[in-house]
Amino acid sequence: MCVGISAKVIQMKGNVAIVDATGAKRSVSAELLDDLKPGDYVMVHAGAAIAKITDDDENESKNLMEELLGE
Amino acid sequence: MCVGISAKVIQMKGNVAIVDATGAKRSVSAELLDDLKPGDYVMVHAGAAIAKITDDDENESKNLMEELLGE
Amino acid sequence: MNKEALEIIQSYQGPQIRIMEVCGTHTHEIFKLGIRNILPDSIDLISGPGCPVCVTPIDFIDEAVMLALEKGCTITTFGDLVRVPGTKLSLAQARARGAKVKVVYSPLDAVEYAKKHQDEQVVFLSIGFETTTPSDVLTIKEAKDLTNFSLLTANKTMPMAYEAMKDSCDAFLYPGHVHAIIGTKICEEMRDQEGVSGVVAGFTASELLTAIAIIVKKVQQGQPFFVNAYPRVVKSEGSLKAQDIIYTYMEPCDASWRGIGKIAHSGLQLKDAYKAYDARKVYDLPAIKGKDNPACRCGEVLRGACKPYDCPVFGKGCTPDHPIGACMVSSEGTCSAYYLYGGLKEWKK
Amino acid sequence: MNKEALEIIQSYQGPQIRIMEVCGTHTHEIFKLGIRNILPDSIDLISGPGCPVCVTPIDFIDEAVMLALEKGCTITTFGDLVRVPGTKLSLAQARARGAKVKVVYSPLDAVEYAKKHQDEQVVFLSIGFETTTPSDVLTIKEAKDLTNFSLLTANKTMPMAYEAMKDSCDAFLYPGHVHAIIGTKICEEMRDQEGVSGVVAGFTASELLTAIAIIVKKVQQGQPFFVNAYPRVVKSEGSLKAQDIIYTYMEPCDASWRGIGKIAHSGLQLKDAYKAYDARKVYDLPAIKGKDNPACRCGEVLRGACKPYDCPVFGKGCTPDHPIGACMVSSEGTCSAYYLYGGLKEWKK
Amino acid sequence: MEKVTLAHGSGGQATAELIDKVFKHHLNNEYFTADDASVLPNPQATLAMSTDGFIVSPPFFNGGNIGKLSICGTVNDLACMGAKPLYMTCAFVIEEGFDMDQLEEIVASMEKCAKEVGVKIVAGDTKVAGKGQVDQVFITTTGVGAIKDGIKTSGAYAKAGDAIIVTGDIGRHGTCILLERDDYGIEANVSSDCAPLWNAVDALTDKVKDVHVIRDATRGGVGTVLYEIAREANVGIKLENKKIPVAEEVRGVTGMLGLDPLYLACEGRMVIVVPACEADQTLQILHQSKHTENAALIGYVTDEHPGHVTITTEIGSETLLPPPGNELLPRIC
Amino acid sequence: MEKVTLAHGSGGQATAELIDKVFKHHLNNEYFTADDASVLPNPQATLAMSTDGFIVSPPFFNGGNIGKLSICGTVNDLACMGAKPLYMTCAFVIEEGFDMDQLEEIVASMEKCAKEVGVKIVAGDTKVAGKGQVDQVFITTTGVGAIKDGIKTSGAYAKAGDAIIVTGDIGRHGTCILLERDDYGIEANVSSDCAPLWNAVDALTDKVKDVHVIRDATRGGVGTVLYEIAREANVGIKLENKKIPVAEEVRGVTGMLGLDPLYLACEGRMVIVVPACEADQTLQILHQSKHTENAALIGYVTDEHPGHVTITTEIGSETLLPPPGNELLPRIC
Ligand code: SF4
Ligand code: SF4
Ligand SMILES: [Mg+2]
Ligand SMILES: [Mg+2]
Ligand SMILES: [Mg+2]
Ligand SMILES: [Mg+2]
Ligand SMILES: [Mg+2]
Ligand SMILES: [Mg+2]
Ligand SMILES: [Mg+2]
Ligand SMILES: [Mg+2]
Ligand SMILES: [Mg+2]
Ligand SMILES: [Mg+2]
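Model, not experiment: these values are computed from the prediction.

## A word on the overall build of chain E
Next up, step 1: When its secondary structure is counted, chain E shows eight helices and 14 strands.
Next up, step 2: The C-alpha atoms of chain E give 21 Å as radius of gyration, which agrees with the globular expectation for 333 residues (20 Å, within 12%).
Next up, step 3: Along the first, second and third principal axes, the C-alpha atoms of chain E reach 65 × 55 × 30 Å.
Next up, step 4: The buried share among the 333 residues of chain E stands at 69%.

## Regarding the interface of chain F and chain C
Next up, step 1: Tallying the contact residues gives eleven residues for chain F and seven residues for chain C.
Next up, step 2: Taking both partners together, chain F and chain C bury about 680 Å²; carbon and sulfur atoms supply 52% of that area.
Next up, step 3: Three residues, Lys 3, Glu 96 and Lys 131 of chain F, lead the burial of chain F against chain C; their summed loss comes to 46% of the area buried on that side.
Next up, step 4: Along the contact surface separating chain F from chain C lie one salt bridge.

## Describing the UniProt feature "domain: PurM-like C-terminal" (unreviewed entry) in chain E
Next up, step 1: This chain's UniProt record puts "domain: PurM-like C-terminal" (unreviewed entry) on residues 159-309 of chain E.
Next up, step 2: Taken end to end, residues 159-309 of chain E is 35% helix and 17% strand, and its two terminal C-alpha atoms sit 14 Å from one another.

## Brief notes about the relation of the copies chain F and chain E
The two chain copies are related to each other by a rotation about an axis together with a translation along it.
Next up, step 1: Placing chain F over chain E gives an RMSD of 0.0 Å and needs a rotation angle of 180°, together with 0.0 Å of translation along the axis. Both copies of the chain, as the preceding transformation shows, are related through a two-fold rotation axis. Residue Val 134 of chain F of chain F places its C-alpha closer to the rotation axis than any other residue of that unit, at 2.1 Å.
Next up, step 2: Mapped onto chain E, 100% of the interface residues of chain F are again interface residues, and the two copies thus contact each other with one and the same surface.

## Some thoughts on the coordination of the magnesium ion (ligand 6)
Next up, step 1: Here the magnesium ion (ligand 6) is held by the protein donor atoms Asp 125 of chain E (OD) and Asp 52 of chain F (OD), which lie 2.1 Å from it.
Next up, step 2: The distance between the magnesium ion (ligand 6) and the magnesium ion (ligand 3) comes to 6.0 Å. Of this pair, Asp 125 of chain E sits in strand E6 (residues 120-129) while Asp 52 of chain F sits in strand E2 (residues 47-54), placing the two residues on different chains.

## Examining the interface of chain F and chain E
Next up, step 1: Each partner contributes residues to the interface: chain F has 67 residues there, and chain E has 67 residues.
Next up, step 2: Counting each side, the surface lost to burial between chain F and chain E is near 5,100 Å², with a carbon and sulfur contribution of 55%.
Next up, step 3: Of all residues in chain F, Asp 36, Met 49 and Arg 219 of chain F give up the largest surface area on contact with chain E, accounting jointly for 17% of the area buried on that side.
Next up, step 4: Applying the counting rule to chain F against chain E returns six salt bridges.
Next up, step 5: Summed over the shared surface of chain F and chain E, the number is 20 residue pairs in polar contact (both at pLDDT 80 or more).
Next up, step 6: Ranked by the residues each element gives to the side of chain F that touches chain E, the list is headed by strand E6 (residues 120-129) of chain F, at eight residues.
Next up, step 7: For the side of chain F that touches chain E, the residue count by class is 28 nonpolar, 26 polar and 13 charged.
Next up, step 8: With three bridges joining them, strand E2 (residues 47-54) of chain E and strand E1 (residues 38-40) of chain F adopt antiparallel strand pairing. Bridging across to E1 of chain F, Ala 48 of chain E finds its partner in Val 39 of chain F.

## Topic: helix H1 (residues 3-10) of chain C
Since the α-helix advances by 3.6 residues per turn, residues separated by three or four positions end up pointing in the same direction.
Next up, step 1: By the burial criterion, the buried members of H1 of chain C are Ala 5, Leu 6, Ile 8 and Ile 9 of chain C. For H1 of chain C, the angular spread of buried residues about the axis comes to 160°, placing them on one side. Away from the buried face of H1 of chain C by more than 90 degrees, exposed residues Lys 3 and Glu 7 of chain C are located.
Next up, step 2: If you follow the buried residues of H1 of chain C, they end up packed against helix H1 (57-70) of chain B together with helix H3 (35-38), strand E2 (43-50) and helix H11 (205-221) of chain C.

## Here we look at the packing of H1 of chain B against H1 of chain C
Next up, step 1: Relative to each other, H1 of chain B and H1 of chain C sit at 50°, their axes nearing to 10 Å. When the axis of H1 of chain B is compared with that of H1 of chain C, the two are oblique. Together, Met 65, Leu 68 and Leu 69 of chain B of H1 of chain B and Glu 4, Ala 5 and Ile 8 of chain C of H1 of chain C make up the contact between the two elements.
Next up, step 2: Tallied by class, the residues present in the contact of H1 of chain B with H1 of chain C amount to five nonpolar, no polar and one charged.

## Concerning the site of ligand 2
Next up, step 1: Taken together, the neighbourhood of ligand 2 is formed by Cys 296, Arg 297, Cys 298, Cys 311, Val 313, Phe 314, Cys 318, Ile 324, Gly 325, Cys 327, Met 328 and Cys 335 of chain D.
Next up, step 2: Across the shell around ligand 2, the residue classes break down as ten nonpolar, one polar and one charged.

About the cut-offs
Residues numbered from 1 in each chain as written. Chains lettered and ligands numbered in written order. Predicted model: local features only at pLDDT ≥ 70, side-chain atom pairs only at ≥ 80, totals over all residues. Heavy atoms only, no water. Helix = DSSP H or I, 4+ residues; strand = E, 2+ residues; numbered from the N terminus. Rg over C-alpha atoms; globule rule 2.2 N^0.38 Å. Buried < 20%, exposed > 50% of the residue type's maximum accessible area, 1.4 Å probe, protein only. Contact = heavy atoms within 4.5 Å. Buried area = accessible area lost by both parts, 1.4 Å probe. Salt bridge = Lys/Arg side-chain N within 4 Å of Asp/Glu carboxyl O. UniProt positions renumbered as here; feature names shortened; annotations may be inferred. Least-squares fit on C-alpha atoms with pLDDT ≥ 70 in both. Donors = N, O, S within 2.8 Å, 3.2 Å for Na, K, Ca; no water. Polar contact = N/O pair within 3.5 Å; in protein donor to acceptor, adjacent residues only side chain to side chain. Nonpolar A, V, L, I, M, F, W, Y, C, P; charged D, E, K, R; others polar. Pairing = 2+ DSSP bridges. Arc of directions from axis to C-beta. Axes fitted to C-alpha atoms, helices over the stretch in contact; angles between N-to-C directions. Parallel < 35°, antiparallel > 145°, perpendicular 65-115°, else oblique. Near = heavy atom within 4 Å.

Printed below as a string of structure tokens:
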């Protein structure tokens, strides 16, 4: 469930964030998250930003694998 | 003004007459005339029978011309 | 056909006789039968103001367009009115801009439509002379339980128009179907009291030729005359029931005739008791003053004061496809008939 | 990409490991990336009940069709639901019969639509797990001045489903976006209190391979485990704001999961205070008991008790173009994913 | 009852099934393709090519349906050039929710009609438009034909003295559709004249090589076609009113509504102009051919009033036929 | 602002004026006719014939309009058979009230596009449907082309080992239309790929005679075309995911909506299948031709998995491309 796409916040308008996913822009609800600001990356689902993204996937995987193999 | 077509009454339904003009049938208002009955010929205009027809045009013209020339 | 009548007409060589066919359907049939082409030069047929579409003022179209486009009404109408130009738009043009315009054959079909579409506000464009008016107002009886049906009226009556036109001709070819309703006493009165001559005519070749022949003969006798040459349809008293229906719902009023101007007591309006069916009151229409195209000489054409081809835009700017004046719109309009049927002889000029 | 993870996975030769990817988007991405094709036989991926479309009972579609066709409502919905078969009609088939069905990207777009079309009665089909539910109910806040907007709800929550499925697998691949909302404490509790293992996973190739590799390694260690392998998005506490929004408008209820049956406290319904937005109450819907097609083995498929190709109609009577069961409708449905992506290896069977 | 859905127009599986089950099932032949384009042998002739869109409402009517109409229309346009119809394409735009059985009936009519004249339908296209974006079903057909050796027709070839023949009674199709729409509450038994006329034209042009004009009187009716010929050839046309064949019922309906049958659409009537000396043979051949049994000579080409059509009326006078006008509307005046 | 009215579709004077002022004004050539059918010289070649109906909503979009589209669509279908587009017909169905200036803009685009490839529009048809009976304007075009000597293409001719080339980045048209409709509130700068590709195909087939398949990826997108080829030739097709050209913005939009660019419509993209040894030359020629500058090799024909299309994914695994499905709908799951 839950198709998500990561997108960059380019503008805030009250409870609404304008996000950009490689050129596709749309306004999404920012009500589920605190303190969004332009430049943040968010996970967008069904017209709402459901989470802030704090890292990229390759880097995350690298860290997790190091941890796993280091055990 | 006043395109009219002569038609034969083929059926009465209260205030409405079903008329037939050489195969074209339609229900028209019979409210402007007294005592219409099937078999009567009427002049139809804008969905109403506006007059009973008591003769045909050639015969009428013949009579009128006789009268005129007999004067 | 009527050989004797034709003989009388074609052999006439006396002084000019001017006959006004008041009725647009007469104009139409006369052209269609080619009657003008067989007349000697000494007989002139003038097309009078008897096309209800042609004499309907431009304001009326503007009101209908406003009802359709601004008030969101569904307009139900005889096909004749659809292409009549308004000040800015015709109903056809309004329809192309989203107006709902439904053509009906009978006014009663407009009521049926309103019954089946109770979510729409249906307005019927009530026009016509005495022939059509009874059907127009019968709708009120039929619509008695409806709250979504009303009439925009521009109904007119003939007698005052005869009065206004009587000096333009030697004799009227009286409109057969108007007199089927109103009878022929008025014609006798005009003959007796004002010396106005005329013949009530039917619409077939025989009937028209007979009526014209009667006029030719009688004019030569020099006395004011009246003949009912359509007795198979027109009775002396007319239809009392139809007259009664008209005056149950309507009352006389002054009326504007397009191109002619205001004629006192020549129109009919809904009585106050039926204001719930009067679209002007239901939708609180403002007084609209439509603007006629100044090039148009319809008024003179309708009075027989000029022929269509005397109008500078006839057949050029003004054609049935792009009518400027009302006379070009209805196929019964004088200019339209002249344009379409040409009347070979005249059309060659 | 993640070579080490691939290496761990492909070199595994121990006892059978059964991993249930709960999330339909995981199922979809796993097929799309061809991950099933590179797994050794000793690792089995089971597709769980995590496609909200697939587990939505047939009654819900029947209710939506009734609202559209009998109550004249405009249905606004995620595209996913449009082709789901109801007992008689899908919404696509209802639309072909005149129903108004509008597909939206976001529930908030449905509110916008209702604002712009105040003459229509707009119903939004509110489905989804914790990820989608906050957006679904935010509509009530946005629609506060509207009287023509309501929700037909079938929202569900995950924890009780984990409970119901926990014996079907050795470890869960937990749905990343559900846990972005609800956090990961529930996973730790399941590990600690019930010995249920699992890894929260993201959706890219790297993330999925990493998560599977972690499972393979940890299962071999023999202890119940939990790892959040999607920390860039999923935080321990989830989104408190989103949780708060859900429970402002909704409260837990028992819910039917298509193919699985009733699971206590696994659904969400609108609180009584918001009954003005509850389409079932606004339109006084009768209790509908939809009829599932008896051929369908979706229930077993969803529990991992059989594979799609064990269903006798898979790929024959039941295809994405003519779905019989819900699992064939959504591109995330297990049967659909098996049919569409084949998973070459399995598809060759 | 199965309905056409948007999926049938998506270009995917459902489209392919629709093509197979309905279109290919009925229209198949060695050149029929569901591909980009059909490949056709070099026809070794001067070609005629014609297209028409059909949007008749309702799509089923007394005497036919939009499918039959769409084949007749293009077959007849080709026949007007003396061209044997070889290949046709058809493009459908179908409203979401249209009845599948009705669609099949439409396509079956196309098959039957195409077979009658031996034309092959070689390519098609199907689009499905959302509910309300199209009125039930529109069909556009395009045809390519091989012009028969020695036949050269054009509106411009009408010559003073030529005879003007109409292949049957006029205005049936227009009247039929008007009745089917039931806008005016009139009932009458008038079937459409819709018919494919290539076989009749083929028989005629086998014997009469010097046919000057063949034109099918569709939208706009016989009156419009006559004016086109008068203008293109700069000749006059003189009709005899009483010779113009009009069915009684058509007269009744048009009389009630104030319409002229000369301006009502036909879909299986042609105006044929031949030298006067060929008129008898032409009529004889037409009277023996299907769909043209009631062909009639209605007038002559003259050099008077070039560009105009006149009618000799019942009083023996000559009057103009009103030139083609506008949208046809019933009138009270 | 002048509007199209029902009178313009009546077949009378207003129709004639519309044809003269708009259609004839822009599309005139020696074969253009307002008559029943156009008369065309014997083309002395094997013919290709194709038709398509165009119902795009909205009719004007980023990078084109329905007029350009309707020419490109049929030109490209003919080009797919290696056929030089010779003659086209166009049939319009216009909604009452459509803007006359917009109609003229549409026709002007057709003129421009037809000129680019040298095709002549020889006949047309105009119907006006009542308000609400059609969505603005529909156009059906039909084309006849002369197949170039020695060129023989078909989906069935793909052979194991052949290279698969796409003539540019995919899914632009579908994405563009989806954005123009603004149903999903997404903004992105994506212009349609709509373009006439005959000149590129002409240049290619001058040099490379052994082209096996040319197919334009319209409705259904590149994915549908690849499945058609795989099934018709009974071969497997193996794509390399990372080689499939997709614009960033198209990726963004489709990612948001959960759609696959491989199944989004193109209107100026072809799939071309050539022997592997011709791949370099093919790319080189396409890179020098207008509209195909960004052609790319995206995979090969194989004899594995006949009837199926597979993709090598970023993890090096091979997975099926889901076969063409249904109406495209955005999804949340
Ligand atoms: S020709 Fe036109 S403008 Fe002139 S009088 Fe007649 S209707 Fe009026
Ligand atoms: S193949 Fe179809 S019927 Fe069978 S289990 Fe899957 S969805 Fe149900
Ligand atoms: Mg193609
Ligand atoms: Mg044509
Ligand atoms: Mg035609
Ligand atoms: Mg096609
Ligand atoms: Mg009927
Ligand atoms: Mg024709
Ligand atoms: Mg095609
Ligand atoms: Mg095409
Ligand atoms: Mg045409
Ligand atoms: Mg936009």
